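Close look at the chain arrangement
One-letter residues, chain by chain:
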Amino acid sequence: MPYEIENSPLFKITSIHRLSEVLQLRVGRLRRLEYLTGQFKEGTTERNGKQRKTETPIRTMCRVHNRVQKLLSRIQMPNYLHSGKRKRSYLSNAVAHSGLIQSFQVDIAKFYPSCTWHHVYLCFIRQFQCSSDIAGIMATILTYRGHIPTGSPTSSLLAFLSHKEMFDALYELAQSHNLTMTVYQDDISFSGSSISESFRSEVRCIIKRCNLVPKRSKQRYCHGGRSPNITGVVLTSRGPKAPRSRHLALRQSIDEFDAAESEIDLRISYHRMMGRLSEIERVQGRLFDLKPKLKSRFRSRLKAMSQCPQVE
């Protein structure tokens, strides 16, 4: 059951022994932070055709980050937040704007790398009212090379809490203009009957005042002449739909599945294809009973391959 931040075990920690109990980590290790801060694994992942850097906590640091994430996830967050919360997702974020005429979306450039050690330190001073030495320890544990790591389970909620004053200011601005606002990670969306240029300018100013940069290429204003695409979901008059790019990716996966000549290629292409199909169906429901048909084709092709004599 969610509780207010004042009831969190992370609230008002003033001694290292209390922090040790909360994090379930020995005091000796908390006093040797240099031992923990190197426990990250750097890597890359591909998303939407782009390579993205990842920084993932490992070993003891992984256990600590999972513990902190568990505690953060229990805190009652504002209703406008749709990331890092149970029963909330990019889909619920988009659906919150259904039926509204105009929309405006803005992404924050390099949001996690822009959330520095100092931001996290102030978060534990102001939001959690911890002592300065405890806030310093938490900031050191929860950052990597001076910023929030991209691969940590804590990153989404921690980045939000570190800039909660900014998000609350944006929400109050939206309320004053009778607009709906949602936040999903670094994506801030507004919708309503009318969104003026002066409102959009004020949104950008609030973000810049917090030393963050609104990504110019990801600022999208939809005045009602077409269906808006909000966090990867197209809001049409007939309900939410997956964007055309996802359907094209599914078509490509089906072609790869049909062209697979070995069992391992068949299995890889099958799982990729079904994953993309599931994403589409999550947004807009069953797609022409395609899933059972593809499962049947997979079983038939797998059986045929197993019966095919091996060439020596």
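Below or above, wherever it landed, is the structure these notes cover. All figures in this text were calculated on a predicted structure; none of them were measured in a lab. (Residues numbered from 1 in each chain as written. Predicted model: local features only at pLDDT ≥ 70, side-chain atom pairs only at ≥ 80, totals over all residues. Heavy atoms only, no water.)

On to unusual backbone geometry. Of note, Arg145 is a non-glycine position whose phi angle comes to about 55°, a positive value. Looking at where Arg145 falls in the secondary structure, it is placed in the loop between α8 (132-141) and α9 (155-162). Its identity as a non-glycine residue notwithstanding, Asp289 has a phi of 50°, on the positive side. Locating Asp289 in the fold gives a position in the loop between α13 (263-284) and α14 (290-307). Overall, the relative accessible area of 39% leaves Asp289 in the partly exposed class. (Helix = DSSP H or I, 4+ residues; strand = E, 2+ residues; numbered from the N terminus. Buried < 20%, exposed > 50% of the residue type's maximum accessible area, 1.4 Å probe, protein only.)

A word on the nonpolar core. If you look at the biggest cluster of nonpolar residues, it comprises 65 residues, and the most contacted ones within it are Phe128, Ile188 and Phe190. Ranked by residue count, the leading element in this core is α8, at six residues. Sequence-distant contacts of Phe128, defined by excluding residues within four places in its chain, comprise Ile5, Ser8, Leu10, Phe11, Lys12, Leu72, Ile75, Cys123 and Leu161. If you look at the next biggest cluster of nonpolar residues, it comprises 16 residues, including Ile254, Met274, Leu277 and Leu287. (Core = buried A, V, L, I, M, F, W, Y, C linked by side-chain atoms within 4.5 Å. Contact = heavy atoms within 4.5 Å.)

Okay, the sheet that holds strand β4 (residues 180-184) next. Here four strands make up an open sheet; going across it, the order is β4-β5-β3-β6 and the pairing antiparallel. Edge positions in the sheet fall to β4 and β6 (220-222), since each has one partner strand and no second. Across the sheet, the mean angle from the axis of one strand to that of its neighbour is 10°, orientation sign disregarded. By the bridge criterion, six bridges tie strand β3 (residues 102-107) to strand β5 (residues 187-192) in an arrangement that is antiparallel. Bridging from a neighbouring strand, Asp107 pairs with Asp187 of β5. Sheet strands touched by helix α10 (residues 164-176): β4 and β5. Its angle to β4, the strand with the most contacts, is close to 155°. Helix α11 (residues 197-209) contacts β3, β5 and β6 of the sheet and is inclined by roughly 20° relative to β3. (Pairing = 2+ DSSP bridges. Axes fitted to C-alpha atoms, helices over the stretch in contact; angles between N-to-C directions.)

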